[in-house]
Amino acid sequence: MLSIDRAGELISCVRPNVKHRLSVKLRIGYKDDFDYLVSFCRRLEEEGVEMITLHPRTVMEKFKRHARWEYVEMLKKELKIDVAGSGDIFTVSEAVKRAAGPWDAIMIGRAAIKMPWIFAEAKQEEDLTVMQRSFQQTQRHGVIQGEGCNPSNRKINIEEVGCRFLELLAQYQPPEFHISRARRFFYYYCDNLEWGNYLKNQLNKEETLSGIEMVWKDFFLTI
Ligand SMILES: Cc1cc2nc3c(=O)[nH]c(=O)nc-3n(C[C@H](O)[C@H](O)[C@H](O)COP(=O)(O)O)c2cc1C
């Protein structure tokens, strides 16, 4: 993000080779300079980028301070293409609230790893809100419709989530990625568990996917 021209040239090389929608994910930049961000994104737009996802923190901030979602809204007003926002969505209700914001889409990072079911639950909560709204409307018009406003709560089996992830990892990623990705993802899965830190340490000692799977499954036998 230090050079608008270099980023523009990069996109001009990539654009003709991408058949699908081309999107770019970025932060605010190295400095908190909204005008620079707009110039940068307009150049990407000119080069044929079709969607921009903004994680509204500067590069230096890493994960410090809150994501500045007002920048997503401001950027949306400046561009013709779709703008999505990313940052600090940790719960289902935050996902639903953010999804209803004045941008085109949201992206969920850490919470999507820790709780991959967050999307299904957010959709369920959103459907519920829509159903409740139409239920209230029908009530106002004197007609009470049947049930269906309270879908039962989904039960999550985190052990299965981990095992399924290992299957998909082996299926879709090259072997050199296996251990690093497994460690990264299980780090987040462990945050759902009371003895998660202990388990993280045990998993980190493993050097193979089958070893990780064994430690993971053993943990659930002992709790
Ligand atoms: C495991 C992991 C991998 C990530 N990889 C990328 C990446 O390759 N490119 C990128 O732009 N952002 C990446 N991010 C950042 C996220 O896309 C996201 O912008 C950031 O985590 C803030 O969103 P969150 O608060 O929902 O996690 C990654 C985040 C995590 C947790």
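Residues numbered from 1 in each chain as written. Predicted model: local features only at pLDDT ≥ 70, side-chain atom pairs only at ≥ 80, totals over all residues.

**Student:** It is not clear to me how the packing of helix H1 (residues 4-14) against helix H2 (residues 34-46) should be interpreted in this structure. Could you clarify?
**Tutor:** Working note: a packed helix pair is described by the angle between its axes plus the distance between those axes. At a minimum axis distance of 9 Å, the contact between H1 and H2 shows a crossing angle of 20°. By the angle between their directions, the pair H1 and H2 is classed as roughly parallel. Judged by the sense of rotation from one axis to the other, the crossing of H1 with H2 is right-handed. Contacts from Ile4, Ala7, Gly8 and Ile11 of H1 reach H2 at Ser39, Phe40, Arg43 and Leu44. Tallied by class, residues from the contact of H1 with H2 come to five nonpolar, two polar and one charged. (Axes fitted to C-alpha atoms, helices over the stretch in contact; angles between N-to-C directions. Helix = DSSP H or I, 4+ residues; strand = E, 2+ residues; numbered from the N terminus. Parallel < 35°, antiparallel > 145°, perpendicular 65-115°, else oblique. Left-handed = near helix turned anticlockwise from the far one by under 90°. Contact = placed C-beta atoms within 7 Å. Nonpolar A, V, L, I, M, F, W, Y, C, P; charged D, E, K, R; others polar.)

**Student:** Would you mind going over unusual backbone geometry with me for this structure?
**Tutor:** Glycine aside, residues mostly have negative phi, and peptide bonds are mostly found in the trans state. For Arg65, which is not glycine, the phi torsion reads 45° and is therefore positive. You can see Arg65 is positioned in the loop between strand E2 (51-58) and helix H3 (69-78). Exposure remark for Arg65: the 10 C-beta atoms within 10 Å place this residue in the exposed category. Even without being glycine, Asp88 reaches a positive phi, approximately 65°. (Buried ≥ 20, exposed ≤ 12 C-beta atoms within 10 Å, placed from the backbone.)

**Student:** It is not clear to me how the site of the ligand should be interpreted in this structure. Could you clarify?
**Tutor:** Every residue near the ligand is listed here: Lys25, His55, Ser86, Gly87, Asp88, Ile89, Ile108, Gly109, Arg110, Ala111, Ile113 and Arg184. Per-element tally for the shell around the ligand: the top contributor is helix H5 (residues 110-114), with three residues. Along the lines of polarity and charge, the residues of the shell around the ligand split into four nonpolar, four polar and four charged. (Near = placed C-beta within 6 Å.)

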